[in-house]
Amino acid sequence: MKAIRRLTVRPVLPDPLRPLSDLARNLRWSWHPETRDLFQSVDPECWTASGRDPVRLLGTVPPARLAELAEDRRFLRRLTAVADDLDHYMSGDRWYQAQSGRLPAAVAYFSPEFGITAALPQYSGGLGILAGDHLKAASDLGVPLVGVGLLYRHGYFRQSLSRDGWQQEHYPVLDPHELPLAPLKEPDGTPAHVALALPGGRELRARVWLAQVGRVPLLLLDSDVEENDPGERGVTDRLYGGGSEHRLLQEMLLGIGGVRAVRTYCRLTGHAAPEVFHTNEGHAGFLGLERIAELCDEGLEFGAALEAVRAGTVFTTHTPVPAGIDRFDRELVARHFGPDSELPRIDVERVLRLGMETYPGGEPNLFNMAVMGLRLAQRANGVSLLHGGVSRGMFAGLWPGFDAEEVPITSVTNGVHAPTWVAPEVFRLGARQIGVQRAEDALAVGGSDRWDSVADIPDQDIWELRRTLRAQLVEEVRERLRASWRQRGAGTAELGWIDDALDPDVLTIGFARRVPSYKRLTLMLRDRDRLMELLLHPERPIQIVVAGKAHPADDGGKRLVQELVRFADDPRVRHRIVFLPDYGMAMAQKLYPGCDIWLNNPLRPLEACGTSGMKAALNGCLNLSVLDGWWDEWYQPDFGWAIPTADGAGTDPDRRDAIEANALYDLLEQRITPRFYERGASGLPDRWLEMVRRTLSLLGPKVLAGRMVREYVERLYAPAAEAHRAMDPDSARGLAEWKARVRAAWPGVSVDHVETSAATAAAELGATLALRVRVRLGDLAPEDVEVQAVSGRVDSEDRITDAAKVPLKPVGGPDLEGRWVYEGPLALDRTGPFGYTVRVLPAHRLLASGVETGLVAVPSGDLVEAAGLLMR
């Protein structure tokens, strides 16, 4: 029989055990081994059965066991020590509190998904895991962050396989009362709500839940409340589900409702109001509109409010392809804003202009969430060095007249939260070398360029560690494989082979990620005979563990999964290659440490960063990857292998796959397997272990989320907070009026004449030319602009590369024709083909850069021809 109603019955803990409840409700347990060990000791069987979730554990432990623990002095001493440690962690000064300068009082961090722990399944892939790691690292560093997201009642789907290997989706219902969450409450005890106005006088209400991620509060908005109609109740039903209007409502709730939730949280708790708002991908971009509306209510005009909001906003883009960005029909967005809907005080045309693709190559009837994010943020970044460059090219249309490298999008390369992803065995080996506290600091805070102490760990210890982790993975794989085959309908008699699946002494390769086509799940199957030879080699075999989910609407991705599963089902190789369904954080935490090689073969440059290889590297796993994302930035032959790419413009996709798959097989056959199985005088794979050692010592400090968050603080949050403070109402009005005046006057700005002291087209290195320029400023004055000389090497088409920019000084004017004279030196500091040009940019003390406005005046083609500006 099925229950007609479900409710959660909470245990009543004996007084001595009350601290267990606080420990369970703070998600620091998910990366703090002592807390997890304490919960495991409460009841080891219940701990395993609960999925290692302290909240579920406490709901299932028999009262007799709780009474027994309440009298157990040894357990109570451990409980007191762990509770005291959490209290010290929450209240003590950390890295952030030791920094000089005026850092933000608080930062609000918005993301559509957060991967904190498998016990709170609110993530689908890399974006969510990255957001979770950002919060954890901010907590460890003491950064006063407030996270904001949505609470999806079905989370992301659970994956299983049909008998023929087709992906099946299941959406379990999540009860917030059974999750490590607490409702945010008003002083009278009623749940805190936020509300959005919908067309036709309707309303979307959402309750605010609080997840405590160490020191960082995470606010999750939940529309499944009784006050909503059925349609509105389902807005937060599942992650990345539904049609366009459903997604639009989710993103309005995340952005607009999220700001309102932050204001409510600060009002109720006294938390400092955020000075910086960080938009993690375009999904949360509407937060800028809500903040503009707040300032308009305080008396600012729209233009001034826009400038004030931009000053304190950081936007991070994660996608390297336009298809990965949410875009909505213009009329759909218009219907949800304006007098009859949300933000009625703001003209809907102003809202639309922020997101419309009004640039060459754009689709003028589409509202682009990333474009809005960039227009509402004064600072923006990609998530790796390569991705920053790709993003500058992708969004260059927003800054016409500028070369892509000048587009104001920088990069902060992602990192991973080491305390979450480093296996306990790896941590213990490091702690044995340098001590527990230093090891914890090295993983959480980072700061050093290399971990030299790794050099002192004996080869034998590293090899035994790798073998132990591999053996643990083999046991995990067999357990999951058996469960998967039972789900697919297999009987016990059919499953005897699973006892021999994988081998703890065989070179193990991992490949696990989402399954869009560009990640090329099945590239390894390109030459099946050759792959079989690698899997079944008599002296140097390999084994492969594969996992990944295709989006429920992506039948192409599901076909790739099925193709891989059918190959792995072949009795000839199924003991050497396996597909594990339902890839998630719990599986990943066993998979990364247990693999010897982490494989990544996307189509370059479509992997924005790709952090799974970082997690593997922190456990001594070597990377084998296409030079994309972070691997393009940090690859060295000392600690991994690069799969050559065939990404020339003339290479068709099929031929490209063939070339790159062949290169993958060659690397495995000729370089990787011989090195793994080759033994030195000590009987160990000396050359392999040296690569493991270099991976840990040189890559380890780079891939930390602590390093990433410190970069965000120093390079983006601190400047954004400073700009926010400078943008008082009068300054915001002044900047808005100045921008309007400059835009109106810009057609009258031109470069009329350029002359130099160069008599010939050849010059000597180290010489200096005197540059003299006449420009028209129209209705503008010299203080409104900067005139620059731009110089550098030139390519075969006379484009300046690696440009240096030097401001020129006004020396006279205006003349009778309204022209101003600017002069300055031009240093010839590079040999070979050298060129220069001049340009005029708007200049104002409150601009983040001269490129910000997208306005530039350069010499006309006729003037360039007459001036002879190139020297060879």
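It should be noted that the structure appears before, not after, this text.
The rules behind each value
- Residues numbered from 1 in each chain as written.
- Predicted model: local features only at pLDDT ≥ 70, side-chain atom pairs only at ≥ 80, totals over all residues.
- Heavy atoms only, no water.
- Patch = residues over 30% accessible without salt bridge, like charges linked within 9 Å, V, L, I, M, F, W, Y side chains within 5 Å.
- Areas by Shrake-Rupley, 256 points an atom, 1.4 Å probe, with all protein chains shown as cover.
- Salt bridge = Lys/Arg side-chain N within 4 Å of Asp/Glu carboxyl O.
- Lys, Arg positive; Asp, Glu negative; His and termini not counted.
- Charge placed at Lys NZ, Arg CZ, Asp CG, Glu CD.
- Buried < 20%, exposed > 50% of the residue type's maximum accessible area, 1.4 Å probe, protein only.
- Helix = DSSP H or I, 4+ residues; strand = E, 2+ residues; numbered from the N terminus.
- Pairing = 2+ DSSP bridges.
- Axes fitted to C-alpha atoms, helices over the stretch in contact; angles between N-to-C directions.
- Phe/Tyr/Trp six-rings, centres within 6.5 Å; stacked < 30°, edge-to-face > 60°.
- Lys NZ or Arg CZ within 6 Å of the ring centre and 35° of its normal.

## Concerning a positive patch on the surface
Judged by side-chain charge, Arg73, Arg74, Arg77 and Arg78 come together as a positively charged surface patch. Since its relative accessible area comes to 64%, Arg74 is described here as exposed.

## Description of unusual backbone geometry
The step from Arg604 to Pro605 runs through a cis peptide bond, and the omega angle for that step is 5 degrees. Mapped onto the elements of the fold, Pro605 is located in the loop between strand 20 (597-600) and helix 23 (612-617). Unusually for a residue other than glycine, Arg52 sits at a positive phi of about 55 degrees. Of note, Arg52 is situated in the loop between helix 3 (44-49) and helix 4 (54-60).

## Description of the sheet that holds strand 20
Taken in spatial order, the six strands line up as 19-18-17-20-21-22 in an open sheet, and their pairing is parallel. Lying at the two open borders of the sheet, with one neighbouring strand each, are strand 19 (577-580) and strand 22 (640-643). Averaged over neighbouring strand pairs, the angle between their axes works out to 20 degrees when direction is ignored. As paired strands, strand 20 and strand 21 (residues 622-626) are joined by four bridges and run parallel to one another.

## Notes on the packing of aromatic side chains
For any two aromatic rings, the description comes down to two numbers: the centre-to-centre distance and the angle of the planes. The full count for this structure, using the stated rule, is 20 aromatic pairs. Considering the side-chain rings of Trp95 and Tyr96, the 6.4 Å spacing of their centres and the 55 degrees angle between planes classify their relative orientation as tilted. Pair check on accessibility: Trp95 and Tyr96 agree, each one buried. Each member of the aromatic cluster is reached from another via a ring pair, and the members are Trp463, Trp641, Phe676, Tyr677 and Trp688. When the ring centre of Phe157 is taken as origin, the NZ or CZ atom of Lys549, which lies over that ring, is 5.0 Å away. Lying over the aromatic face of Trp421, Lys615 brings its terminal NZ or CZ to 4.6 Å of the ring centre.

## Here's the deal with the sheet that holds strand 28 (residues 819-827)
As a general point, the strands of a sheet are linked pairwise by backbone hydrogen bonds and lie either parallel or antiparallel. Taken together, the four strands give an open sheet; going across it, the order is 23-24-28-27, and neighbouring strands pair in antiparallel fashion. Strands with a single pairing partner mark the edges of an open sheet, and in this sheet they are strand 23 (750-756) and strand 27 (809-812). Shown here is a sheet whose adjacent strand axes are inclined to one another by a mean of 30 degrees, direction ignored. As judged from the six bridges shared by strand 23 and strand 24 (residues 768-776), these two strands associate in the antiparallel manner. Note on strand 24: the bridge partner recorded for Thr756 is Leu771.

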